[in-house]
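As a plain string of letters, each chain reads:
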Amino acid sequence: MTLPPRNPPATETVWNAAVKVLLGNDAGDWTRPAPQLYPHQWSWDSAFCAIGWAHVDLRRAMREQQRLFAAQWRTGKIPYIVYDDTASESYFPDSARWGCRVSPDAPDGPPTGGLCQPPVHALALSRIWDLARPDPEQRGAARRYLRRIYPAVLAWHRYLATVRDPEGSGLVTVYHPWESGCDNSPRWDTVLNSFQIGDLPPYVRRDTRFVEAAQRPSDRDYRRYLWLLELMKRRHYDESLIARHHPFKVKDVFFSSIFVAANEALLELCDVVDAPAADRELVAGWAQRGQAGVAASVDPDLGLSLDYDVRAGAWLRSRTFAGLAPLIAGYHTATLIAQLDSAAFLGNPGLHGPLLASTSPLDDAFEPRNYWRGPTWPVINWLFWRALRRAGDHGRAQRLRAAALDLADSDGFFEYYDPRTGEPLGSPDQSWSAAVTLDWLAAPDA
Ligand code: 2M8
């Protein structure tokens, strides 16, 4: 099923181009995030891809996350990568470097990485349900699919709410910048600089074969990323040990805000699958606790929320889009909106268009061409667009969507863009950039 774009004809070319990217990266039942740079299945990319597929072929959208959830760890963790070992030469770290089978909790089947990523999966499921609902046949198929996948999604959320938040703070702990999804963001600089690294087994980076090194994390960052991997492997991915001894333990406010939105989505899905009342209470409790945790992370001086370094017992001051993350958790407050509109973010006169940059252009750490240290990322803007729309802030949502569609129209579906010029950067034909564009194009207005 291919739905026509709702706003033709101006958007038809963009629509067709976005569909082409998904088809080009289609690996059968899952989608490569990018043709060369990312040849495996990444967790949150896959969820965004499911949203894109839902506009093209609902049955395909329902298959997208199945391989990912089939690779769920016994703890409930959804791994950040499910490897395609036919492509092991093209990406580092490969599955052998992770060696996850040292853990009794690792799944059988295709090998995985030892981390997780932001839990956007339930948002994708609820988008599938929204799109399937009007058609009786699709609705039946979607309900059956949701009934099948629901227990695994619940277990994934339970893992995040318990194993990753033993303090019951409402904020999720991440053990690695790769878990945040925003790898070399300045948010992590202080923590990454706070520990010494030991000897690393030899390795060769593959990412810089495909993308200019200046647009990727530095070698210094990579050594730290790999050191954290070695430490987790040495502890056999035992999370009780990691929680005690790991040098990178951060309450990630962006991850936690997505978790609130995901729990709200899961609560709606509880009705669709006729989940027991006890499940609804549990999920509602996780959402409420998350909201309180996220609200408590707002720094009154900065007017932005902060991540928290568990090991040092200190809030991490930085000015990135993550400071506005409580919007994603449903906090549409005057303080956050003032920040969003200010020169620190959308109101900055040096921006190509009113889109969120990954780091505030007013922050000392801002590097407009370097990966998560400045460029604009479509998926991040999609999350804020969704949040604004849900809060009834249609004016702001519409402006964000229009600017994002302009970028896609003029430059195609890149991984990220220079926020000052709109110049496309990173990988071309990035699946999730195409996927969220399809969702923007299909949205009736804002
Ligand atoms: C990027 O991360 C990977 C490591 O997970 C990498 O740079 O090699 C991030 O943008 C991450 O958020 C994303 O899921 C992944 C695939 O698009 O690429």
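Structure: above.
Residues numbered from 1 in each chain as written. Predicted model: local features only at pLDDT ≥ 70, side-chain atom pairs only at ≥ 80, totals over all residues. Heavy atoms only, no water.

**Description of the side chain of S256**
- Tracing the chain through its elements places S256 in helix α12 (residues 253-272).
- One polar contact links the side chain of S256 to the main-chain amide nitrogen of V172, over a distance of 2.8 Å.
- Other than its neighbours up to four places away in sequence, S256 contacts G170, L171, V172 and V294. (Helix = DSSP H or I, 4+ residues; strand = E, 2+ residues; numbered from the N terminus. Polar contact = N/O pair within 3.5 Å; in protein donor to acceptor, adjacent residues only side chain to side chain. Contact = heavy atoms within 4.5 Å.)

**Some words on the packing of helix α7 (residues 136-162) against α12**
- Look at α7 against α12: their axes get within 10 Å of each other, and the N-to-C directions meet at 145 degrees. Handedness of the crossing formed by α7 with α12: left-handed. Together, R143, L146, R147, Y150, V153, L154, H157, L160 and A161 of α7 and F255, F259, A262, N263, L266, L269, C270 and V272 of α12 make up the contact between the two elements.
- The class makeup of the residues in the contact of α7 with α12 is 13 nonpolar, 2 polar and 2 charged. (Axes fitted to C-alpha atoms, helices over the stretch in contact; angles between N-to-C directions. Left-handed = near helix turned anticlockwise from the far one by under 90°. Nonpolar A, V, L, I, M, F, W, Y, C, P; charged D, E, K, R; others polar.)

**Focus on the site of the ligand**
- Contacts to the ligand come from 18 residues, most closely from D45, Y91, G181, R216 and Y371.
- R216 is positioned such that a nitrogen or oxygen atom in its side chain is 2.8 Å from an oxygen atom of the ligand.
- Contacts to the ligand include W372, whose side-chain N or O atom sits 3.1 Å from an oxygen atom.
- Compared with its free state, where it exposes 420 Å², the ligand has 100% of that area covered by protein.
- Cavity membership is defined here by more than half of the atoms lying within 2 Å of grid points; on that basis the ligand lies in the largest cavity.
- Residues that form the shell around the ligand fall into these classes: 12 nonpolar, 3 polar and 3 charged. (Near = heavy atom within 4 Å. Areas by Shrake-Rupley, 256 points an atom, 1.4 Å probe, with all protein chains shown as cover. 1 Å grid on protein atoms, 1.4 Å probe; cavity = no way out; pocket = protein on both sides within 12 Å on 5 of 7 lines; lining within 4 Å. Sits in = over half its atoms within 2 Å of the grid points.)

**Structural notes on the side chain of K251**
- If you trace the backbone, K251 turns up in strand β4 (residues 250-251).
- Within the structure, K251 has its side chain in polar contact with the side chain of D165 (distance 3.0 Å).
- A distance of 2.9 Å separates the side chain of K251 from the side chain of T173, its partner in a polar contact.
- The contact partners of K251, leaving out residues within four places of it in the chain, are R164, D165, E167, S169, L171, V172, T173, D307, Y308 and V310.

**Regarding the pattern of salt bridges**
- Under the criterion given, the structure shown has 31 salt bridges.
- In this structure, E239 and K77 form a salt bridge, with 3.4 Å as the shortest nitrogen-oxygen distance. In this pair, E239 sits in helix α11 (residues 239-245) while K77 sits in the loop between α4 (66-70) and β2 (81-82), placing the two residues 162 residues apart along the sequence. The pair formed by E239 and K77 is uniform in burial state, with each residue classed as buried.
- Within the structure, one salt-bridge network assembled from shared partners comprises K77, R164, E179 and E239. (Salt bridge = Lys/Arg side-chain N within 4 Å of Asp/Glu carboxyl O. Buried < 20%, exposed > 50% of the residue type's maximum accessible area, 1.4 Å probe, protein only.)

It is worth stressing that arrangement in space is one thing and function is another; only the former is reported here.
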